[in-house]
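Structure at a glance
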Amino acid sequence: MFLWRLLFVYLVLPAALVLLAILTPPTTRLWILLVAFPVALMLFAFLGFLADRRADAAPTQAGRR
Amino acid sequence: MNLIAVTFVAYLGLVLLVGVLASRYGRTMEGYFLADRGLGAWVTAISSVASSESGWLVLGLVGEAYIWGARAVWTVPGVLIGYLCNWYIVAPRLRQQAAALGAITIPDYLEARFGDRWRLLRSVGILIILFCLMFYVSAQFTAAGKAFQKAFGEDYGITYQHGVLIGGLITILYTLLGGFRAVSWTDLAQGLLMAVGLVVLPIVTVSSAGGFGALFGELRRAPPRVEGVFEVTEGARLEEVGIETEGVDLAPGVTLAREGSAGGDGYRFVARLGRETAIEVNGEPRRGLVELAPGDRMALGSRTVTFEKIVRMVGGPDLADVLGGLSGPALLGWLLGLLGIGLGYPGQPHVLSRYMAARSRRTLRQGRLIAIVWGCVAMYGAVILGLGARLAVPGLIDPEQAYPHLATTHLPPVLGGILLAAIISAMMSTADSQLLVVSSAVARDLIDKMIDLRQRLATPSVERTLVWITRATVLAVGVIALLLALGDVRAIFWFVLFAWSGLGAAFGPPLLLALFWRRVTRWGALAGMLSGLLVTVFWKVRLKAVFAEATGLSLYELVPAFALSMLLTWFVSLATRRAAYVPHGLDGLAAPDERRTREV
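Values in this document were obtained by computation on a predicted structure and should not be read as measured data. (Residues numbered from 1 in each chain as written. Chains lettered and ligands numbered in written order. Predicted model: local features only at pLDDT ≥ 70, side-chain atom pairs only at ≥ 80, totals over all residues. Heavy atoms only, no water.)

All right, on to the overall build of chain A then. In terms of helices and strands, chain A carries two helices and zero strands. Looking at chain A as a whole, 34% of its 65 residues are labelled buried. Put simply, chain A shows about 4,300 Å² of open surface, and 76% of that area lies on carbon and sulfur atoms. (Helix = DSSP H or I, 4+ residues; strand = E, 2+ residues; numbered from the N terminus. Buried < 20%, exposed > 50% of the residue type's maximum accessible area, 1.4 Å probe, protein only. Areas by Shrake-Rupley, 256 points an atom, 1.4 Å probe, with all protein chains shown as cover.)

In structure tokens form, the structure reads like this:
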């Protein structure tokens, strides 16, 4: 799990960004790096935060029942 | 006193007040260095990112975008990759394991994690921290000195030395009084201030350009430029040496000029001297036409002028393209260099201490959302500001001055003062964290643990005595850093060249493996730490040029240093696997699913 996470962060993610940048026209790659990447990253962090909150709340609700 | 100065003084007063308020808490070593492991989500998140970014974000990255255009944007994914690694991989395990082992510092953690009775890891850790961070603190004071001089030099006669003393003494004072708690609280305010500056100024520049579409349209038509930057060694920047405007007298009979044709590398910089005039260039008397190269020093009367650098700026369609017209090895080197910045994050002790001080696992989960949003806003803000500044103030000789220039000329005085305070904030938030880490290496790792003062004193009030010794250490380290900043600035920047990469490659790979792999040994960790620092230094000093000559690829030193450190930690651990050691209480190394692990 640790190795996969590390490889994803340091190899897969940057390689995907570089490939997208090289394979797309200038305007598209500008949009990818300047808009799509930060929006996707913030969305990922937000959805992860919501999932964590749900996971934290689940045992408590079960306990109440 | 004008409104900008009033805002500035109010900000400095506020920072000192935080130090005084926080001084009521840190009565134990853990309290002083880790705020009793009680930081909330906002403080953990913002203080960690503010202390890692420093003045580089508000000055350096903005200047980079000004010079190189849209291709500077690759710095942002590089940094955000570092945030992802730290917040999603390193932070949860480090907090849990450091608490279980009672570790306060990174050398503390490494020693306890590997059961290192010989204290090799702690000793090497102390040396690496002193080598990399001691001069880094001085560099932050130097930057503060320049920022103060820039902001208040003309109106109030503040010199570089005054600026270093004001910025340095205030930072030392609140760090000394309040320890980690004061540093983290002030970092929260400073980080938010930096974000405000990097939102407001880009909005101003983009709207003055007529929106994003117009901005990029104009950038595609912007011409390339070559500039020379001169500096007086007493500290005053000679911005009036406008090479752009051709031929400015520096002294009777001496004229500096730009020669050649526009574009690319076509310009050369020369000093034209009258027949009767001779000046000393690099200690030798010269006459006639003298061609200048970066680093050349000229004696002009009582002053010495250093020709600092030639700045070649990209222009035309390349300015608005994220690949900047690069291809082949040049593009690969550029991408590896900027994306490789992220490799440094898991090895910065002043950032890692925030995760060790987080109150709970839930704090970290909230903190990572805050940190990533802050990172996206501040980093992209800096790049867009640099691009906008290229159009708004096209004649800047030193592109790193884009932010302060726009803050003082394009905004009302109070807002301008607040945003100028954000620059000093950026430096202070890094300097205070680094000052505390260097002090912890001396007070905790050396005096408390290696000299074992706790056992030698063995009095009921020993903890309080140690905190006072720690405060004295902060003062001593701070004063040394201050004296260095007032002395030979060039020596400081020689060491700073290795700081980020050296720490990242020395601590990052051994720490990552120690957190997750049972089989890593102290010999593996030691090999990783030593190789990380040594490869960084040798690559930067010698191997980088040799490698670039052979392959055409200019490779950022952190990339090979991190890779080699990781490989050596792994191989040496396998070779010495009988020495593998996992202390009691490290559930993290066995927990298969972190999410279901109960709160510690």
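That covers the picture; the talk isn't over yet.
A few words now on the overall build of chain B. When you go through chain B residue by residue, the secondary structure sums to 18 helices and nine strands. A burial count over chain B gives 60% of its 600 residues as buried. Here the analysis covers contacts within chain B between residues at least 6 apart in sequence; of these, 78% occur between residues at least 24 apart. Just so you have it, chain B exposes about 22,300 Å², and 62% of that area is on carbon and sulfur atoms. (Contact = heavy atoms within 4.5 Å.)

If you walk through the whole model with that rule in mind, you get 15 salt bridges over all chains. R29 of chain A is the partner of D321 of chain B in a salt bridge, and the nearest nitrogen-oxygen pair spans 3.0 Å. Of this pair, D321 of chain B sits in the loop between strand 9 (303–313) and helix 9 (328–339) while R29 of chain A sits in helix 2 (residues 26–64), which puts the two residues in different chains. For the pair D321 of chain B and R29 of chain A, one class covers both residues: buried. (Salt bridge = Lys/Arg side-chain N within 4 Å of Asp/Glu carboxyl O.)

Once that is clear, we can look at a nonpolar patch on the surface. All names here are of chain A. Taken together, the side chains of L3, W4, L7, F8, L11 and V12 present a nonpolar region at the surface, about 640 Å² in accessible area. Structurally, W4 is set in helix 1 (residues 2–23). Take W4: its relative accessible area is 64%, and that puts it in the exposed class. (Patch = residues over 30% accessible without salt bridge, like charges linked within 9 Å, V, L, I, M, F, W, Y side chains within 5 Å.)

Next up on the list: the interface of chain A and chain B. Put simply, an interface is often sized by how much accessible area is lost when its parts join up. At the interface, 27 residues of chain A touch 38 residues of chain B. Overall, the association of chain A and chain B removes approximately 3,200 Å² of surface from exposure, summing both partners, and the carbon and sulfur fraction of that is 79%. Taken as a group, F2, Y10 and L34 of chain A account for 20% of the area that chain A buries against chain B, more than any other trio of residues on that side. Among the salt bridges present, the one from R368 of chain B reaches D52 of chain A, with a minimum N-O distance of 3.0 Å. (Buried area = accessible area lost by both parts, 1.4 Å probe.)

Residue and element names in this part refer to chain B. Confidence in the prediction of chain B, expressed as mean pLDDT, is 84, and 85% of residues score 70 or more. Here strand 2 (residues 248–251) stands out as the least confident element of chain B, with mean pLDDT 53; helix 18 (residues 558–575) is the most confident, with 96. Across residues 233–248, where pLDDT falls below 50, the model places 50 contacts with residues more than four positions away in sequence or in other chains. Across residues 261–266 the pLDDT falls below 50, and counting only partners more than four positions away or on other chains, this stretch makes nine contacts in the model. Taken together, the chains of this predicted complex give a pTM of 0.87 and an interface ipTM of 0.91. (pLDDT = per-residue confidence, 0-100.)

Turning to the side chain of S531 of chain B, a few remarks are in order. Its place among the elements puts S531 of chain B in helix 17 (residues 522–551). Apart from residues lying up to four places away in sequence, S531 of chain B is in contact with L564, S565 and L568 of chain B.

Residue and element names in this part refer to chain B. Contact geometry for helix 7 (residues 160–209) and helix 15 (residues 462–486): axes closest at 10 Å, N-to-C directions at 165 degrees. Between helix 7 and helix 15, the angle is such that the two are roughly antiparallel. Where helix 7 crosses over helix 15, the two elements pack in a sense that is right-handed. On helix 15, the residues that touch Y160, Q161, V164, L165, G168, L169, I172, T175, L176 and L177 of helix 7 are R471, V474, L475, G478, V479, L482, A485 and L486. Its residues placed into classes, the contact of helix 7 with helix 15 shows 13 nonpolar, four polar and one charged. (Axes fitted to C-alpha atoms, helices over the stretch in contact; angles between N-to-C directions. Parallel < 35°, antiparallel > 145°, perpendicular 65-115°, else oblique. Left-handed = near helix turned anticlockwise from the far one by under 90°. Nonpolar A, V, L, I, M, F, W, Y, C, P; charged D, E, K, R; others polar.)

Turning to the packing of aromatic side chains, a few remarks are in order. Residue and element names in this part refer to chain B. Under the definition given, this model contains eleven aromatic pairs over all chains. Relative to W334, the ring of W68 has its centre 5.7 Å away and its plane inclined at 70 degrees; by these criteria the two rings are edge-to-face. Placement of W68 in helix 3 (residues 41–68) and of W334 in helix 9 is noted, with a sequence separation of 266 residues between them. Using a relative accessible area of 27% as the deciding quantity, one classes W68 as partly exposed. We classify W334 as buried; its relative accessible area is 18%. (Phe/Tyr/Trp six-rings, centres within 6.5 Å; stacked < 30°, edge-to-face > 60°.)

Residue and element names in this part refer to chain B. The backbone of A35 shows a phi angle near 50 degrees, a positive value even though the residue is not glycine. Note on placement: A35 falls in the loop between helix 2 (29–34) and helix 3. Note on A35: relative accessible area 2%, which makes it buried. Positive phi values are uncommon outside glycine, yet R37 reaches one of about 50 degrees. If you trace the backbone, R37 turns up in the loop between helix 2 and helix 3.

Residues and elements named next belong to chain B. Burial of helix 5 (residues 106–114) is extensive: eight of the nine residues sit out of reach of the surface. Looking only at helix 5, the buried set comprises I106, P107, D108, Y109, L110, E111, R113 and F114. Two or three places before D108, at the start of helix 5, stands the capping residue T105, its side-chain oxygen 3.1 Å from that residue's backbone nitrogen. Looking one or two places after helix 5, you find G115, whose phi comes out positive at around 55 degrees. (Polar contact = N/O pair within 3.5 Å; in protein donor to acceptor, adjacent residues only side chain to side chain.)

All names here are of chain B. Counting through the fold element by element, Q140 comes out in helix 6 (residues 120–156). Q140 sits in the buried class, given a relative accessible area of 5%. Those residues in contact with Q140 that sit more than four places away from it in its chain are S54, G55, M427, T430, A431 and Q434.

With that out of the way, let us pick up the environment of V204 of chain B. Residue and element names in this part refer to chain B. The topology assignment puts V204 in helix 7. For V204 and G375, which are 171 residues apart along the polypeptide, the C-alpha to C-alpha distance reads 20 Å. For V204, the residues in contact, after removing those within four places along its chain, are H410 and L411.

Residue and element names in this part refer to chain B. Interaxial distance between helix 13 (residues 413–450) and helix 15 falls to 9 Å at its minimum, and their mutual angle equals 130 degrees. Viewed along their axes, helix 13 and helix 15 adopt a mutual orientation that is oblique. Crossing hand, helix 13 versus helix 15: right-handed. Facing helix 13, whose interface residues are L435, L436, V438, S439, V442, A443, I447 and D448, helix 15 presents L466, I469, T470, T473, V474, V477 and G478.

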